[in-house]
Structure formats: C-alpha cells, structure tokens
Amino acid sequence: MKQNVVKSIAFAAICMILGILIALQMKNVNNDNLTENNLAALQNRLIDVAKKNEELTERNNSLYELVQLLEDDMATGNDQVQAIIAEKERAAIFAGLREVRNYGIEIQISCNPDMKVSATILRSFINELRGIGAQALAVNDERIVAMSEIRDSGDNIVINGNAMIARSRFTIKAITNPENERYIVDYLMDMRDTIANSIQYESYQYDIQINVMPEMTIPALSEQSTAFKIDLLMQN
Amino acid sequence: MGQVLARPKNRQRVLLFILMLSFGWTVMSHITSVGVSQDRRDLADRIRQRQEDLRLYEEQHAILLRENEQLQQKKEELIQELLISEGHEELLATLERVRVLAGFTEVSGPGIILTLDDKPGFKIGDNEDSIVHDTDLKHALDILLGAGAAAFSINGNRLVNASDLKCIGLTIRCNQQRLSPPYVILALGDPIRLSEAIEHDQTFNFRQMPGIDLIVRAQKSDRIVIPAYAESDNIERFIDMLEVVSP
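These remarks concern the structure in this document. (Residues numbered from 1 in each chain as written. Chains lettered and ligands numbered in written order. Predicted model: local features only at pLDDT ≥ 70, side-chain atom pairs only at ≥ 80, totals over all residues. Heavy atoms only, no water.)

1. Re the sheet that holds strand β1 (residues 107–117) of chain B
Residues and elements named next belong to chain B.
Turning to step 1, where the next piece is worked out: An order of β3-β2-β7-β1-β8 is seen for the 5 strands of this open sheet, with the pairing classed as antiparallel. On the outer flanks of this sheet lie β3 (157–158) and β8 (215–226), each paired with one strand and no other.
Turning to step 2, where the next piece is worked out: Here 4 bridges tie strand β2 (residues 151–154) to strand β7 (residues 183–188), and the two strands are oriented antiparallel to one another. Bridged to Ile 154 within β7 is Ile 185. (Pairing = 2+ DSSP bridges. Helix = DSSP H or I, 4+ residues; strand = E, 2+ residues; numbered from the N terminus.)

2. Overview of the nonpolar core
Turning to step 1, where the next piece is worked out: Core analysis: the biggest nonpolar cluster contains 36 residues, and Phe94(A), Ile175(A), Leu233(A) and Leu188(B) have the highest contact counts within it.
Turning to step 2, where the next piece is worked out: Counting residues per element, the ones that place at least two in this core are α3 (77–95), β2 (136–139) and β8 (207–218) of chain A together with α4 (89–102), β7, β8 and α8 (236–239) of chain B.
Turning to step 3, where the next piece is worked out: Looking at this core, the element that brings in the most residues is α3(A), giving 5 residues. (Core = buried A, V, L, I, M, F, W, Y, C linked by side-chain atoms within 4.5 Å. Buried < 20%, exposed > 50% of the residue type's maximum accessible area, 1.4 Å probe, protein only.)

3. Remarks on the interface of chain A and chain B
Turning to step 1, where the next piece is worked out: The partner chain B presents 94 residues to the 86 residues of chain A that form the contact.
Turning to step 2, where the next piece is worked out: Between chain A and chain B, a total of about 8300 Å² is buried, with carbon and sulfur atoms accounting for 67% of that surface.
Turning to step 3, where the next piece is worked out: Taken together, the connections running from chain A to chain B amount to 10 salt bridges.
Turning to step 4, where the next piece is worked out: Among the ionic pairs, Glu243(B) bridges to Arg101(A), the shortest N-O distance being 3.4 Å.
Turning to step 5, where the next piece is worked out: Between the two partners, chain A and chain B, sit 26 residue pairs in polar contact (both at pLDDT 80 or more). (Contact = heavy atoms within 4.5 Å. Buried area = accessible area lost by both parts, 1.4 Å probe. Salt bridge = Lys/Arg side-chain N within 4 Å of Asp/Glu carboxyl O. Polar contact = N/O pair within 3.5 Å; in protein donor to acceptor, adjacent residues only side chain to side chain.)

Here it is in structure tokens:
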C-alpha cells in the first residue's frame, strides 16, 4: 500500500517536471521565431516615434508661447495683432497666395512640332518635384498648388482653368533647396532619360532641358483661381 | 503480446518506460536548447524591452497629439476673441479665408468616399496590377480634380501643398505617415460628377477586371468631413526658402 503511494507520488512528480520542461521547450520554440530583423524593425519604429515626439514637444512649446502671448493682459494689443498677422502671412505663403522668389530649377519641355506636349508629362515632373522638396511650383508662370488641375483638352493643356497651347514650349519652375542641387539635377536628368528612351513617348521626341537658376520668381495664385473652390470649401 | 500487455504490472512498466523515455528526451532536448538559445533569449529579452519602450513612446505621442489639438483650439479661440474685441473683424475674416485655402481647417459638404484596395487574398507572385500603388492614388486624385473636387483626404490625412505620395514597400507615405490599404479618399464636390468620373475611367475599369480584381468603390455622400491638415503649426520647413516678393 505504502509502496503504491510512493509510486503514485513519483509518477505525478515526473509528469509535472515533464510538463514544465515541455512548456520551457515551447517557449524556446517561440523565441526561435524572433530574429535580428524583428529587433531592427522595432528599433527603427522606436526612433521614428521618438523623433515625432521630440518634434511635437517643440511644436507644443511654440504653440504654448503663442497662447501665452495672446492671453497676456500686459502685452499690447499691437504685439498680439502682429503675431496674428505673421501667422496669417505664413499660411498665405504656404497656400501659394504670395509671389515668392529664390534659387530654383527650371525645366523646359517641348516636343516634335507635329505632336502635342502631354499633360501627363507635366504632372509627372510636378509630382516628382514635390517629392524632392520643391516649396513653390509654376508651369508657364501659373502657380501650382495642391488642388491645381493640369489636363489635356483638345489642342490645349488646361492649368488652373487657363488653356495653354499644347504644341508650345512649357516651362516648369520650382524653388528647391540649393544644398540638394546635385541630387535634384541628377534625379531630373534620370527622369528625362527615362522619358526619352520610353517607347510610349518615342514619336513625341521630347526635348527636355534642365537648368539651375540662381534666382527665379514664382507668381502668386489668386484666391479667385479655379484651383481654390472657395464656395465649396466655406459652405459650412 | 496481448497477454503480456493485459497484465497490469507489465502495462505499468511499459507506460513508465514510455514516460521515462519522453522525460529523458525532453530533458536532453532542453539542455541542448538552453545552450543554443542563450543568444535567442537575450534577443527575445531585448525585443520585449523595445516593445515596452515603444508602447510608452506611443502613449506619450498620443498625449502630445491631444495637447497639440487643445493648444491649437485654444489659440484659434483666443485669436477670434482678441480680433473681435480690438475691432479687427476684417483681419479675422482674411485669416479664416487664408486658413481655409491652405487646408488648415476642417471642411465638410457633399462628396464621395472612394475606396481603393488590393485584390482580396493577394499574394507575392500575383499580378502587380492587383495592388494599389502611389500612381493609382495620384491617378484617382487627377480624375477627381478634373471633376471639380475642392478638397481631399487620404486615410484621414488632408492633402495640402506640402503633401506627396510615395510607395515605400507595401505602404504609401503621405504627410510623413505610412498608410496601408484600404486607401479611403474623401473628395469634396458634386457627388454625381465625382463618382461618374471614377466609374467611367478606363484605367480603373481595366484594373477591376476578373483576374486583376483591384477594388475601386465610389460611394456618394450628402455630407463628408475632411479633416484639417494636422501639422498646420509646423509649416516652417515647407516655406523657409520662399522670399515673399509682394505681400
């Protein structure tokens, strides 16, 4: 009888140890699925969020200072109004409502006189210039903003509601960072070569010239432009 | 053999033998893996630590975002109060209009909700046309602009002058955010014109054909709400090279 009890206890103990060992083994198996790549991805994400937090903290501090200035009874009304005007001006520059100038890149595009320049080509350059950090853009001195439309329409290309003859030379202007000049010019040259070598555009015989301009002026876009559908935007 | 197993004592011995065998095997396997997996355990500990750090950082990010929203709201209220009390109603109206044109305010009205999504069950090796690329989003925006859209957002991100869409692996970056499918574009404008422009587009019709199965769904709405650009207080880096010629 006593022997049976000892046997049962031993049996239970072995089963328990076996269970624990299997569990530990399972844990190791799970660890096997983890790789250095997981860690690297996590670290990248961590750096990304840390950077965003740092930036947001700075933004909140600046906002807090502005709120304090606006709340400050001691500040003269003039200081506060000047701060608001400065804020309005920044928004206007960002929106494309101010004529601006600086160093930039000019791209001239023309094609075989029997063909018409395609709006797709203009849009491609505009998209890529945006992607490489252009701060202001214009096509044939028509300011391009987020809601600008560039489309083919018969013999014309319509930009912000204005028709331009598609068989003419188009000039894109972009104010970009001079520090990135080499990268930007090489990038645009690659793009030009891709278009020149493309079967799709073979018959167009595009002539695309890329020039660095020490100074250029990009006009403002009027609030009445079709790119700004103010009635729709302010309906509520 | 049947008779042997039938005896309880022998059956116990066989069971005990099997149990001891698996016990021995597990112990050996564990001892072996303890040595081999020391590095893996360190890696797992480091990953767990980073996950915990990330959780804390993301919590902090959410708090900072809330704080930013509150400060922005407070700033706008104070500006309005101040300009009205000082008799600068005209400046207030100009400021409001400029902010609307810059995309710094929420806008609402009739429009469409356009959903672009990868083919259900897409796997590597399938037709590349079955997934949404940055060029598809740009194409959709061009079509909608042509149909008179006044404002856009993609997955909650307002499209403004500083916005750029770029493929990064299987995601698309917009306003410094990585977006993944489905891509939901809100477009403010005439819902009928906007949805017809999408429905009649040859490229999207081709991409929806059986075998490619890209998802393109335009839903008309009487009221959509397009959020304000989330970084309207952080635009300096988008305008720092622009010298104003005429205010």
